[in-house]
Amino acid sequence: MASSLIERTLGVLDALSGDVRGLPLQTIAERLAIPKSAAHRICQELIRLGYVRQEPLSSHYQLTTRLVAMGSRFLASSGAPDVIQPILDRLAEESGELVRLGIIEGQRQVWIAKAQGARSGLRYDPDMGREAPLYYTASGHAWLASLSNEEALALVETQGIGDPDNFGPQAPRSHAELIECLNRTRTHGYSWQVEHVGIGTAALAVVVSHPLDGHVLGTLSVAGPSVRLSEPRMHRLAPELLRAAEELSQAWLSSRLFT
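Residues numbered from 1 in each chain as written. Predicted model: local features only at pLDDT ≥ 70, side-chain atom pairs only at ≥ 80, totals over all residues. Heavy atoms only, no water.

1. As for the nonpolar core
Among the nonpolar cores identified, the biggest contains 29 residues, and Leu88, Leu220 and Leu248 are the most heavily contacted of them. Where this core is concerned, the elements lending two or more residues are helix H5 (80-95), strand S3 (98-105), strand S4 (108-116), strand S6 (201-209), strand S7 (216-225) and helix H9 (231-251). A per-element tally of this core places H9 first, with 8 residues. Discounting chain neighbours no more than four positions away, the residues touching Leu220 are Leu88, Leu91, Val99, Arg100, Leu204, Ala205, Val206, Val208, Leu241, Ala244, Ala245 and Leu248. Formed by 18 residues, the second largest nonpolar core is a distinct cluster that contains Ile28, Leu32, Ala39 and Val52. (Core = buried A, V, L, I, M, F, W, Y, C linked by side-chain atoms within 4.5 Å. Buried < 20%, exposed > 50% of the residue type's maximum accessible area, 1.4 Å probe, protein only. Helix = DSSP H or I, 4+ residues; strand = E, 2+ residues; numbered from the N terminus. Contact = heavy atoms within 4.5 Å.)

Here you go:
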């Protein structure tokens, strides 16, 4: 249950970030487990400050572009796009698939940058800026495999597993199956999955580590339709992915965003 005003306000922003159509006041109050009157006061103040708008026809509350603009300015000032994007673009060109970079922030992994290599036909392109599910994604497994099994399971429990009905048919269905995936990742140095996220999808991922002390900074992944990104092809792409992760590790030092 959100308690402080700051926590409640950030909770409103987080809830609205998940639906471009906006949310009714009752839904916002229910998600934060706060009184409807409290949710209304927060939304009205966010409207006054320019972070939220109210759609006239539905009365749903929606985010404005102000937070997006703030995030873009922050990334630009860090120098990260200049050093990171060329590496992502090259890997996307080499693989012909979607390349994504996620960063680790505390107990969360968030996708912050991407490059699309597919120019025609099937394209796999989920939204940026959302937290990567740990239990069944290649990016999640790459990060979890860098931890002990106990630490990995604790992170999964903190994030929540979600509804298994929304997983792909090959996703792990138990902690034991998840540990098998993590052990496989540790053995090969990269994770891969077919139809964990959904039918017809595939991905492989590696961690990006700090070049000096080795702590995990983020993950780099290649994802696409399984009809193109077959398991044998993912293994052939793995060396390119690992090389790009090493380049990112070195490039990280020249960005003020990552320390």
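Right, picking up where we left off after that structure.
2. Quick word on the layout of surface pockets
Reported here for the second largest pocket is a volume of approximately 210 Å³. Gly189, Val206, Val207, Ser209 and Leu242 are the residues nearest the centre of the second largest pocket, which is lined by 16 residues in total. Among the elements of the structure, helix H8 (175-188), S6 and H9 are those that each provide at least two residues to the lining of the second largest pocket. Here the lining of the second largest pocket takes 5 residues from S6, the largest share from any one element. (1 Å grid on protein atoms, 1.4 Å probe; cavity = no way out; pocket = protein on both sides within 12 Å on 5 of 7 lines; lining within 4 Å. Points joined across faces, edges and corners; volume = space filled by probe spheres on them.)

3. Things to note about the pairing of S4
Pairing between S3 and S4: 8 bridges, direction antiparallel. Across the sheet, residue Ile103 finds its bridge partner in S4, namely Val110. Between S3 and the antiparallel strand that follows it, S4, lie 2 residues; Gly106 among them carries a positive phi value of about 65°. (Pairing = 2+ DSSP bridges.)

4. Here we look at the side chain of Glu195
Examined against the element boundaries, Glu195 turns out to sit in the loop between strand S5 (191-194) and S6. Among buried charged residues, Glu195 stands out as having no salt bridge; its nearest opposite-charge side chain is Arg173, 9.5 Å away. Dropping the residues within four chain positions of it, Glu195 is found in contact with Gly168, Pro169, Gln170, Ala171, Gly200, Thr201 and Ser226. (Lys, Arg positive; Asp, Glu negative; His and termini not counted. Salt bridge = Lys/Arg side-chain N within 4 Å of Asp/Glu carboxyl O.)

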